[in-house]
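# Architecture and fold: a report
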Amino acid sequence: MSNYKHIGKDFVPPDITGKVTGKAKYAEDFRADGMVYARMYTSPMAHGRVTRIDTSKAETMDGVVGILTPDDVPATEAPQAAILTRTPAYIGDPILAVAALDEKTAEDALAAIRVDIEPLPFVTDPLDSLVAGGPDAREEGNVYVRSREGSGFRSVKWTREQVDEFRSGKEPTGEHANEWSYGDLDRGFVDAKLVIEEPFVTIGYAHMSMEPRTAMAYWQNGTCYMHGSCQSQSYFLPGLAAMLGVEVKDVVLISENTGGGFGSKIGAYPIIGLTGYFAKKLGRPVQLRISREQEYYNGSARVGFQGWIRMGFAEDGRATAADVFIVEDIGPNATGGDGSSAGGAISLVYDPGSMRFRGLPVLTNTTPRGAQRGPGQNQIAAVMAPIMDKAAKELGIDRLEIRRINSTNNDTTVYAEQEPVTSAYMDEALKKAAEMFGWEAKIKQPKRIGSKVRGLGIGQGYHSAGTNGFDGLVRISPDGRIHIHTGIGNLGTYSYASTSRVAAEVLKCEWEDCVIHHGNTDDNLPWNSYQAGSVSTFTQTRTNYVAAMDAVDKMKRIAAETLGGTPDDYDIDGQRVYRIGSPAQGMSYGAVAARAIQLGGAYSGQTWPSDIHEITQRSVQKLAGSGLIGVAKDNLERNGVIPGLAVAFVEIELDLETGKYDILDYVGVAECGTVLHPQGLAQQMKGGSVWGMGMAGMERHVYDPQNGLPANVGFHECRIPTYLDVPSVSQTGAVDLPDPQNPVGARGIGEPAMGCSVAAMTSAISDALDGHIFGRTPVSPDMIVNHVAGLEQSYMPLQTNNS
Amino acid sequence: MASFDVMPDVQLYQPANLDDALNLADRYADDGWLLGGGQDTYGWLKDRAKHPQAMIDLNGIDTLRGVRETDEGIEIGAATTLRDIIRNDLLRRDFGLLVAAAERVASPQIRNVGTLGGNLVQDARCWYYRRGLSCYRAGGNTCYADTPQGMNREHCLFGASRCVAVSPSDTATAAVALDATMVVQSLDRMRTVAAGDFFVGPATHITRMTLLEPGEILTAVRFPAKWAGKRFYFEKVADRNTWDFALVSIAVAMSMDGDTITDSRFVCGGVAATPYRLRNVENAVRGKALAEDSANAAAPLATQGARVLNANQFKVPLMENLVRRAMRA
């Protein structure tokens, strides 16, 4: 495909108006007759065992409708998150819920409930758990390993000497749990002219989605109708059904708009299950709207790293070897898996000749972790950028040049299995961004102005950006309208709409004649991907493509059956199917749709492909007879890793006297194949840059290790960047070269958009401080002031979750 | 623990004149809550960490609003919003220090409703205290922050006495630097208190940050003409550039004779439970020129007697740097 009508063009996504006018409905905007309001009682303790629950006073309060306790929901096995628990493993772990006629009554009732909890040992820093004799976050162990060979708890302890050595920056010698490698690592270091070793910490932090999750559920005739705040749509159903103990067909999810998820709302989460069970128990609709503070507890957080890396470089700047060891802070529910992903990102972005990854996922009694925008890739991007700078300096190579020398291209092989990539143009991205930024001129600028020092940074971001095997579904109705059914979520990126335009492109139709069906699984949606992992663009363009191609094929066949000839005699344009060479002979889309209904069978959904998912099958069944149905599974070629890549250049002015810095200039360039939606891409690149700036300098968990209390449970304390902390203007661009394994050449970009930013920031801070490597995110003003004053930092080496 | 973030039942009074407000304040005393912009209030109430019976909304009292010129200087009603202070031409001309401090309070949205009085008397931001723990400041018998592993990066260098929380107010530093006077009224009396005495540390009163007694209302703040139009310097270093509290701030007023400092008031925020007067610095710079050498000589005096906690030693060089910056010509 080329000479696009819709691809690469800006448009107005249908949900924009609602967001601007306030008419867009989020989960908490929905009401149902007889609805009551639930509030949760959660653990005030980092780890404990509930010994008694006394709800007698609350039960008799006016307006209290019911109480849900752990006995009312299925028990789960640790470390899986429970809907309600008797063994809370973090502060904020839900223990019970109260429903009342209004929220205030529910809250008053919670205050009247007595819960006795016997405290258990807890830990907020993985190294405090690893050290011999240290507390375990779970009674079952302090490490939870997920692997293809089997998952389970372990108890792993290092000697105090081993922990101390790790803290002092030496290679960890304690036990690890995961390992993979490729190439000859020893040879790689022998061949290296330069070897750099650095310890590092990246502190985890809360997702803090703008919309605290809300769920509202009711049951009708055995079906649970769930209004939720979800990143995914049809993909959400199987997990939700399993959580509620019903079949997939008996769950409907309505999630039209979601105020951000960033990985925290991908699949069914406990409070959505809680609402379903509560509604079932009470026999009436229940809404649970959690507070901002509870979103901190229950909204998940990024995995923290405490690690060590050794990199080898040849004289010409080529990375010959990478050896990385990561202790992961995986919270109480063993969610994450960021460590290995970080290793994969080193492999892909810097393409070292040989590599080893070792990891150890350690449980802590902190807020549960989950995938957060570039989980693993973005932490390691922050770590790697100053190391690449240091290597360049030591080898006498320009900082841009060393990245170009090691840049990923179409021939790069990645990860342990040394898989191919579908396509990659990192060098082109670096060149383009350097030109937009004016790198050559900027490196010649004076560095010091009074108490301020200018720092220039380069960052590279990566995340795999696509998957395959899902279904597409389009329908043309007799009125000629094109209905694009999409089961992807709408977490705020508009990609549900931009990917739908591929169907319009294939069908050569006007966008104004298209209707997107999304946001309600009762609206006949197909089985589609999770909206996460930067996959939507690659994956959803393929499903819409195959569905539209199926519709085109059917239209040609119907035309041939109706007007004579063979399907190959026909083509489409102007929302007509016409005979090639005799354009007057043809049928409008509306006429073809009407004819499809007459003909029945596959044309109008009475039959369907055998390989489509049961969810898609049910949608087709319900649509059968309403028009021409295009439906297919994405069986297009997919071979190799699909890289989403991004590059950022940043210029900062750091004040040595205050530890503060201003971001003067920012350029972000995407390498995500063909640009699908320029405005959407620009927004992703800019939004991602803000996230990166937050991770680099501001956001972090703070826990008091003495009592497990979290210091920052709200927007203010979490230090999310404000409009005055980010540049008022930033430039974005794209390489815009098509990926051969996507019908329109597109790949995803959401996560690399942040990774390049955090990396550019740590690079720039290091540059401003004459190459000093903090080896830590965030780098806050106090750290810079201490460094400049020659004072020791106030945290212990490798300490995490500290202020 | 409960979910919080839900307003409890509370009586709301909206008096239209000061007498009615004083009557209500007197009647409810410790069980009453004076409401300005509400930006500190609602968090406490919705988190159910404070339990007043009644809120007395001062925003409907016209006499508590506005900037007035007096024979002695300027008087600002306590319920005047920070936005109105920032936009006031008179203040911008003569008391730029107060304006500069007010401009750095929180965010534009908060400044639109936040009042001068509210900003001055706001409560400590120590996260342990805000969490509703029973610490000294909350009437309990322990401090969670001043412990070997306490997360006390934001806490004090000076004046610790069981509690190590700091004064969070930006305008308070400016008020002390400008030698302001607080006008305090109760049902039976009106008293004036120097800003330097108005704010109290934990050694004086551990559960309050000012001298305000139950039943009293801060009605106005007076800024003497003595410091009008002098040389001012204000700087606030915070993690974020808006909607954040100072790690350390400095408010300085200087009388100059040419390039020579004849008199000055240096005040730091974020380092003690009260705005912290740098008297040693003031004494050292008297008669000195604004120059790097006098700044370097004075700066270390700012932190004499500092007692660092385990995570706030950065405040020492930061304070000293801010003194140097204030003295740059």
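Residues numbered from 1 in each chain as written. Chains lettered and ligands numbered in written order. Predicted model: local features only at pLDDT ≥ 70, side-chain atom pairs only at ≥ 80, totals over all residues. Heavy atoms only, no water.

## A few points about the overall build of chain B
As a reminder of what qualifies: Helix and strand labels come from DSSP, where a helix needs a run of H or I of at least four residues and a strand needs a run of E of at least two; each type is numbered from the N terminus. Radius of gyration: C-alpha atoms only; globule rule: 2.2 Å multiplied by the number of residues to the exponent 0.38. The buried label applies to any residue whose accessible area, calculated with a 1.4 Å probe on protein chains only, is under 20% of its type's maximum; exposed applies above 50%, and partly exposed to all values in between. Two residues form a contact once any of their heavy atoms are found within 4.5 Å. Using the Shrake-Rupley algorithm and a 1.4 Å probe, accessible areas are obtained, with residue cover drawn only from the displayed protein chains.
A tally of helices and strands in chain B yields 13 helices and twelve strands. Its C-alpha atoms give chain B a radius of gyration of 19 Å, within 12% of the compact-globule value 20 Å for 329 residues. Each of the three principal axes of chain B carries a C-alpha extent, and together these read 60 × 50 × 35 Å. Counting every position in chain B, which comprises 329 residues, the buried fraction comes to 57%. The contacts of chain B with a sequence gap of at least 6 include a subset with a gap of at least 24, amounting to 64%. As displayed, chain B has an accessible area near 12500 Å², and 45% of this comes from carbon and sulfur atoms.

## Some points on the overall build of chain A
Looking only at helices and strands, chain A has 22 helices and 31 strands in total. A globule of 803 residues ought to have a C-alpha radius of gyration of about 28 Å, and chain A, at 27 Å, matches this closely. Overall, chain A is about 85 × 75 × 50 Å in size when its C-alpha atoms are taken along their principal axes. Among the 803 residues that make up chain A, the fraction classed as buried is 65%. The contacts in chain A between residues at least 6 apart in sequence include a share of 79% that link residues at least 24 apart. For chain A, the accessible area works out to roughly 26200 Å², and carbon and sulfur atoms hold 48% of it.

## Some remarks on the nonpolar core
Residue and element names in this part refer to chain A. For clarity, the threshold we go by: Side-chain atoms within 4.5 Å are what join buried Ala, Val, Leu, Ile, Met, Phe, Trp, Tyr and Cys residues into a set we call a nonpolar core.
Counting 54 residues, the largest nonpolar core has Phe-313, Ile-346, Ile-380 and Phe-649 as its most contacted members. Tallying contributions element by element places helix α11 (residues 377–395) first for this core, with eight residues. Ignoring sequence-local partners within four residues, the contact set of Ile-346 consists of Ile-309, Ala-322, Val-324, Asp-351, Pro-352, Met-355, Ile-380 and Met-384.

## Re the pairing of strand β25 (residues 576–579) of chain A
Residues and elements named next belong to chain A. This is how it is decided: The rule for pairing is simple: two strands pair if DSSP sees at least two bridges between them.
Of the strand pairs in this sheet, strand β24 (residues 570–573) and β25 are connected by four bridges, and their pairing is antiparallel. Residue pairing for β25: Asp-571 is matched across the bridge by Tyr-578. Between the end of β24 and the start of β25, which pair antiparallel, lie two residues, with Gly-574 showing a positive phi angle near 60°. Pairing of β25 with strand β26 (residues 582–588), which is carried by four bridges, proceeds in the antiparallel orientation. Pairing of Val-577 across the sheet is with Met-587, part of β26.

## Quick notes on the sheet that holds β25(A)
All names here are of chain A. Spelled out, the test is: With axes taken as lines fitted to C-alpha atoms, and helix axes fitted only over the stretch in contact, angles between N-to-C directions fall between 0 and 180 degrees.
Spatially, three strands are ordered β24-β25-β26 in an open sheet, and the strand pairing comes out antiparallel. Every interior strand has two partners, whereas the edge strands, β24 and β26, have only one. Neighbouring strand axes in the sheet, compared pairwise and without regard to direction, differ in orientation by 35° on average. Packed onto the sheet, helix α16 (residues 536–563) meets β24, β25 and β26 and runs at close to 120° relative to β24.

## Thoughts on the sheet that holds strand β11 (residues 223–228) of chain A
Residues and elements named next belong to chain A. Strand order in this open sheet of seven strands is β3-β4-β1-β13-β10-β11-β12, and the pairing throughout is mixed. Two strands lie at the open edges of the sheet, namely β3 (64–68) and β12 (251–254), each paired on one side alone. Recorded for the sheet is a direction-independent mean angle of 25° between the axes of neighbouring strands. As defined by bridge partners, strand β1 (residues 36–42) adjoins strand β13 (residues 286–289) across three bridges and the pair is classed as parallel. The residue of β13 that forms the bridge with Ala-38 is Leu-288.

## What to know about the interface of chain A and chain B
Worth spelling out the cut-off: Here's the idea: put two parts together, see how much 1.4 Å probe accessible area each one loses, and the total over both is what we call buried area. When a carboxyl oxygen of Asp or Glu is within 4 Å of a side-chain nitrogen of Lys or Arg, the pair counts as a salt bridge. Pairs of N or O atoms are called polar contacts if they sit within 3.5 Å, as long as, within protein, a hydrogen donor faces a hydrogen acceptor (for residues adjacent in sequence, only side-chain-to-side-chain pairs). In this classification, Asp, Glu, Lys and Arg are treated as charged, Ala, Val, Leu, Ile, Met, Phe, Trp, Tyr, Cys and Pro as nonpolar, and every other residue, Gly included, as polar.
Taken together, the contact between chain A and chain B spans 59 residues of the former and 45 residues of the latter. Together chain A and chain B conceal approximately 4100 Å² of surface at their shared face, both sides included; 53% is due to carbon and sulfur atoms. The interface formed by chain A and chain B holds eight salt bridges in total. Here Asp9(B) ties to Lys104(A) by a salt bridge, and the two come within 3.1 Å at their closest N and O atoms. At the junction of chain A and chain B, the tally comes to 27 residue pairs in polar contact (both at pLDDT 80 or more). Taken together, the elements giving at least two residues each to the side of chain A that touches chain B come down to β1, α3 (103–111), α9 (292–298), α20 (715–718) and α22 (781–789) of chain A. Its residues assigned to classes, the side of chain A that touches chain B comprises 23 nonpolar, 19 polar and 17 charged.

## Some words on the packing of helix α12 (residues 292–302) of chain B against helix α13 (residues 315–326) of chain B
Residues and elements named next belong to chain B. The condition that has to hold: By definition, any crossing whose near helix is turned counterclockwise from its far helix by less than a right angle is left-handed, and any crossing with a clockwise turn is right-handed.
At a minimum axis distance of 8 Å, the contact between α12 and α13 shows a crossing angle of 145°. As α12 runs across α13, the sense of the crossing is right-handed. Residues Ala-295, Asn-296, Ala-299, Pro-300 and Ala-302 of α12 form the contact with α13, whose own contacting residues are Met-319, Glu-320, Val-323 and Arg-324. Class assignment for the residues of the contact of α12 with α13 results in six nonpolar, one polar and two charged.

## Here's the deal with unusual backbone geometry
All names here are of chain A. Note the cis peptide between Ala-78 and Pro-79, where omega equals 10°. Looking at the secondary structure, you find Pro-79 in the loop between β3 and β4 (94–100). In this model, Thr-777 is joined to Pro-778 through a cis peptide bond whose omega is -5°. The phi angle at Asn-801 is positive, at roughly 55°, despite the residue not being glycine. Locating Asn-801 in the fold gives a position in the segment after α22.

## Focus on the pairing of strand β2 (residues 32–35) of chain B
Residues and elements named next belong to chain B. We apply this condition: With the strands pointing away from the viewer, any crossover whose connection runs clockwise from the first strand over the helix to the second is right-handed.
Residues Trp-33 and Leu-35 of β2 are buried on one face, while the alternating residues Gly-32 and Leu-34, pointing to the opposite face, are not. Sheet topology note: the β2/strand β3 (residues 54–57) ladder contains four bridges and is parallel. When the sheet's bridge partners are listed, Leu-34 is paired in β3 with Ile-56. For the crossover from β2 across helix α2 (residues 41–46) to β3, the handedness is right-handed.

## Notes on the packing of aromatic side chains
Put simply, the test is: Between 30 and 60 degrees the pair is tilted, below 30 it is stacked and above 60 it is edge-to-face, where a pair is any two Phe, Tyr or Trp rings, Trp via its six-membered ring, whose centres lie within 6.5 Å. As a reminder, the over-ring test applies to NZ of lysine and CZ of arginine, requiring each to be within 6 Å of the ring centre and within 35 degrees of the ring normal.
Enumeration over the complete set of coordinates arrives at 23 aromatic pairs over all chains. Seen from their ring centres, Phe262(A) and Trp691(A) are 4.3 Å apart, and the 45° between their planes marks the pair as tilted. Residue Phe262(A) is found in the loop between β12 and α8 (270–282), and its partner Trp691(A) is found in helix α19 (residues 678–697); the two are separated by 429 residues along the sequence. Its relative accessible area of 25% is what places Phe262(A) among the partly exposed residues. Each ring, one from Trp127(B) and one from Tyr128(B), has its centre 3.8 Å from the other, and the planes form 25°; the classification is stacked. According to the relative accessible area criterion, Trp127(B) is buried, its value standing at 11%. Put simply, the rings of Tyr235(A), Phe470(A), Trp527(A) and Tyr530(A) pair up and form one aromatic cluster. Here the basic side chain of Arg310(A) rests over the ring of Phe189(A), its NZ or CZ set 5.6 Å away from the ring centre.

## Considering the environment of Asn321(B)
Mapped onto the secondary structure, Asn321(B) falls in helix α13. Separated by 25 residues in sequence, Asn321(B) and Asn296(B) place their C-alpha atoms 8.9 Å apart. The contact partners of Asn321(B), leaving out residues within four places of it in the chain, are Leu656(A) and Glu657(A).

## Digging into the state of the cysteines
Definition in use: When two cysteine sulfur atoms are found within 2.5 Å, that pair is recorded as a disulfide.
The final tally for this structure, using the stated rule, is zero disulfides over all chains. The cysteine Cys514(A) is free of any disulfide, with Cys509(A) supplying the nearest cysteine sulfur at 3.6 Å. Just so you know, Cys156(B) is unpaired, no disulfide at all, and the nearest cysteine sulfur is the one on Cys163(B), 7.3 Å from it.

## Regarding the pattern of salt bridges
For the structure shown, the criterion picks out 76 salt bridges over all chains. Between Asp116(A) and Arg52(A) there is a salt bridge, with its nearest N and O atoms 3.0 Å apart. Of this pair, Asp116(A) sits in strand β5 (residues 114–119) while Arg52(A) is found in strand β2 (residues 48–54), placing the two residues 64 residues apart along the sequence. Note that Arg208(B) and Glu213(B) form a salt bridge whose closest N and O atoms lie 3.3 Å from each other.

## Concerning the packing of α16(A) against helix α17 (residues 589–599) of chain A
Residue and element names in this part refer to chain A. Operational definition: Roughly parallel covers angles under 35 degrees, roughly antiparallel covers those over 145, roughly perpendicular covers 65 to 115, and oblique covers all other angles.
Relative to each other, α16 and α17 sit at 75°, their axes nearing to 10 Å. Taken together, the axis directions place α16 and α17 in an arrangement best described as roughly perpendicular. Touching Met-555, Ile-558, Glu-561 and Thr-562 of α16 are Tyr-589, Val-592, Arg-595, Ala-596 and Leu-599, all from α17. When its residues are assigned to classes, the contact of α16 with α17 shows six nonpolar, one polar and two charged.

## Side note on helix α18 (residues 614–623) of chain A
Residue and element names in this part refer to chain A. Heads up, the condition is: Here the arc refers to the directions that run from the helix axis out to each C-beta atom.
Three or more residues of α18 are buried, namely Ile-615, Thr-616, Ser-619, Val-620 and Leu-623. In an axial view of α18, the angular spread of the buried residues amounts to 135°, which keeps them on one side of the axis. Within two residues after α18, Gly-625 carries a phi angle of roughly 85°, on the positive side.

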